Amino acid sequence: MSANVTDVMKRHHETAEKYAAAMEAAKEKHEFISAMKTCADEVKAQYGELEAVSEKYAELMTLGTASAELREMAEKTGDCFGRRISNIYSATAQFLTDPEFKKAEQELYQVLTDNPLFMGAMEKEGSFDAVAQSFASSVNAMAEKLNAETTAVSGEKVAELEAVLKEFDSLAKRYASALEKAETVRKFVNANELFVEAVKKLIPRMTSVADTMRLLSAKNALPESVSEAGKNLRNTLGKELGEILKDKRDLMTDAKVKKSVEKIGKLLESLPF
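Given the structure is predicted, the values throughout are model-derived calculations rather than measurements.

Cut-offs used in this document
- Residues numbered from 1 in each chain as written.
- Predicted model: local features only at pLDDT ≥ 70, side-chain atom pairs only at ≥ 80, totals over all residues.
- Heavy atoms only, no water.
- Helix = DSSP H or I, 4+ residues; strand = E, 2+ residues; numbered from the N terminus.
- Areas by Shrake-Rupley, 256 points an atom, 1.4 Å probe, with all protein chains shown as cover.
- Salt bridge = Lys/Arg side-chain N within 4 Å of Asp/Glu carboxyl O.
- Buried < 20%, exposed > 50% of the residue type's maximum accessible area, 1.4 Å probe, protein only.
- Core = buried A, V, L, I, M, F, W, Y, C linked by side-chain atoms within 4.5 Å.
- Phe/Tyr/Trp six-rings, centres within 6.5 Å; stacked < 30°, edge-to-face > 60°.
- Expected span 1.5 Å × (residues − 1).
- Arc of directions from axis to C-beta.
- Axes fitted to C-alpha atoms, helices over the stretch in contact; angles between N-to-C directions.
- Parallel < 35°, antiparallel > 145°, perpendicular 65-115°, else oblique.
- Left-handed = near helix turned anticlockwise from the far one by under 90°.
- Contact = heavy atoms within 4.5 Å.
- Nonpolar A, V, L, I, M, F, W, Y, C, P; charged D, E, K, R; others polar.

> Let's hear about the overall build of the protein: which residues, and what values?
In terms of regular secondary structure, the protein is built from 14 helices and 0 strands. Counting from the amino terminus, helix and strand elements in the protein follow one another as α-α-α-α-α-α-α-α-α-α-α-α-α-α. Surface summary for the protein: the accessible area is close to 13500 Å², and the carbon and sulfur share equals 49%.

Here it is in C-alpha cells:
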C-alpha cells in the first residue's frame, strides 16, 4: 500500500511542479489563467486516487513511518503550491482585480481546498469553545496591528501579505472541514496536530510580512484585496468554526482534546501577527 501512496504522490507532485513552473514562466494574463485552470483540472481528475490513499498517507506522515522519498515529495509538493507561487505574486498583482483572473484563481483555490488527500490527513486525529476563543483573540490582534501607523510599503510586500492571509485562510477552512467530519476524539486531536504543523510551516512567511502588517493602516492604506483576505480569514476562524463547534460539545471534556487545544493556544500566541 505504501508503494501505491508513493506512486499517487509522484503524479500529484508532477501536477504541482508543472503548475509552479508554468506560473513562474508566465508573463501575460492568459498564461497565468491557463496555468491555474490546467492545475485545477488535473488535481480534480486525481481526486479519486488521492482519496483512496489519503488515510494511509496520513498514517505514514503522522506516525513518522513515511519513506524519505515520500517525505521529500510531500515537502516539494507543498513548496510548489506555497513558496514558489508566493514568490511570483508581484508579477500577478496587476491582474488581481481582473474578473477572469480572479475567477480562475478562486476556482483553483476551491479545488486545492477540497483536495481529499489533505482532508483525509486532517481526519486522522478539541473544549473547542477554547479553540474558537483562541482564534478570535489571534484574529483580533491581527486587526489591531492593521491599524498601526502607515508608511510606504512595496507592492511586492503587500502581495505577499495577501498571499499569506489567503494561505492561512485555506488552512483554516480545511481544518474546520476536518473538525466538522470528525466524530471521535482521535480524529479531533489528529486534526489539531496536523493544523498546528501546517501553521508552523507558515510562520516564517508570516514573520517576513509582520512589519507590513504593522505599517498598513486599515483606515487609510489597506488595499481592498488585503482587506478582503483578512475579512475572509476572520469569518473562517470566527463564524464558520464557531458554528461547527456548537455541534461538537460532547467531545470537549476529553483530556486529550484539552491538551491539544492548549497546544493550539500556545501556537497562536506565538504568531508574529
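After that view, the rundown keeps rolling.
> Got a sec to walk through the pattern of salt bridges? Specific residues and values, please.
Taken as a whole and judged by the stated rule, the model has 16 salt bridges. Here Glu-17 ties to Arg-84 by a salt bridge, and the two come within 3.0 Å at their closest N and O atoms. Here Glu-17 is found in helix α1 (residues 2-25), whereas its partner Arg-84 is found in helix α5 (residues 83-86), with 67 residues between them in sequence. Of the residues examined, Glu-17 reaches a relative accessible area of 31% and is grouped as partly exposed. The class for Arg-84 is buried, based on a relative accessible area of 13%. We note a salt bridge from Glu-42 to Lys-18, for which the minimum N-O separation is 2.7 Å. Here the residue Glu-42 occupies a position in helix α2 (residues 29-45), and Lys-18 occupies one in helix α1, the gap between them amounting to 24 residues. In this structure Glu-42 comes out as partly exposed when scored by relative accessible area, which is 24%. Among the charged side chains, a salt-bridge network with shared partners connects Glu-17, Glu-24 and Arg-84.

> Would you mind going over the nonpolar core in detail, with residue names and values included?
Among the nonpolar cores identified, the biggest contains 38 residues, and Phe-168, Leu-179, Val-199, Met-206 and Leu-271 are the most heavily contacted of them. Looking at this core, the elements that each hand over two or more residues are α10 (155-181), α11 (185-208), α13 (224-246) and α14 (255-270).

> Any details on the packing of aromatic side chains? Residues and values, ideally.
Within the structure shown, the criterion is met by 4 aromatic pairs. Aromatic pair Tyr-19 and Phe-81: ring centres 5.8 Å apart, planes at 35°, arrangement tilted. Linking Tyr-19 in helix α1 with Phe-81 in helix α4 (residues 68-81), this pair joins segments that are 62 residues apart in sequence. Since its relative accessible area comes to 6%, Tyr-19 is described here as buried. Arranged with centres 5.9 Å apart and planes meeting at 55°, the rings of Phe-32 and Phe-95 form a pair that is tilted. Here Phe-32, found in helix α2, pairs with Phe-95, found in the loop between α6 (89-92) and α7 (99-113); they are 63 residues apart in sequence, far enough to count as distant. Take Phe-32 and Phe-95: they sit in the same class, and that class is buried. Put simply, the rings of Phe-32, Phe-95 and Phe-101 touch in pairs and so form one group of aromatic residues.

> Before we move on, can you summarise α4 with the specific residues and values?
The α-helix advances 3.6 residues per turn, and as a result positions three or four apart in sequence lie on the same side. Between its terminal C-alpha atoms α4 stretches 20 Å, which fits the 20 Å expected from 14 residues at 1.5 Å a residue. Within α4, burial applies to Leu-70, Met-73, Ala-74, Thr-77 and Cys-80. Burial along α4 is one-sided: seen end-on, the buried residues are contained in an arc of 120°. Opposite the packed face of α4, turned more than 90 degrees from it, sit the exposed residues Ala-68 and Glu-75.

> So what's going on with the packing of α7 against α10? Residues and values would help.
When two helices pack together, their arrangement is given by the angle between the helix axes and by the axis-to-axis distance. Where α7 meets α10, the axes come as close as 10 Å, and the angle between the chain directions of the two elements is 40°. Classified by the interaxial angle, the pair formed by α7 and α10 is oblique. Between α7 and α10 lies a crossing of right-handed hand. The residues of α10 that touch α7, namely those facing Glu-105, Tyr-109, Leu-112 and Thr-113, are Lys-166, Asp-169, Ser-170, Lys-173 and Arg-174. Residue composition of the contact of α7 with α10, by class: 2 nonpolar, 2 polar and 5 charged.

> Provide a residue-level description of the environment of Met-73, including the pertinent values.
With respect to the element layout, Met-73 can be found in helix α4. A sequence separation of 61 residues divides Met-73 from His-12, and the C-alpha atoms of the two residues are 9.3 Å apart. Ignoring any residue separated from it by four or fewer positions in sequence, one finds Met-73 in contact with Thr-6, Met-9, Lys-10 and His-13.

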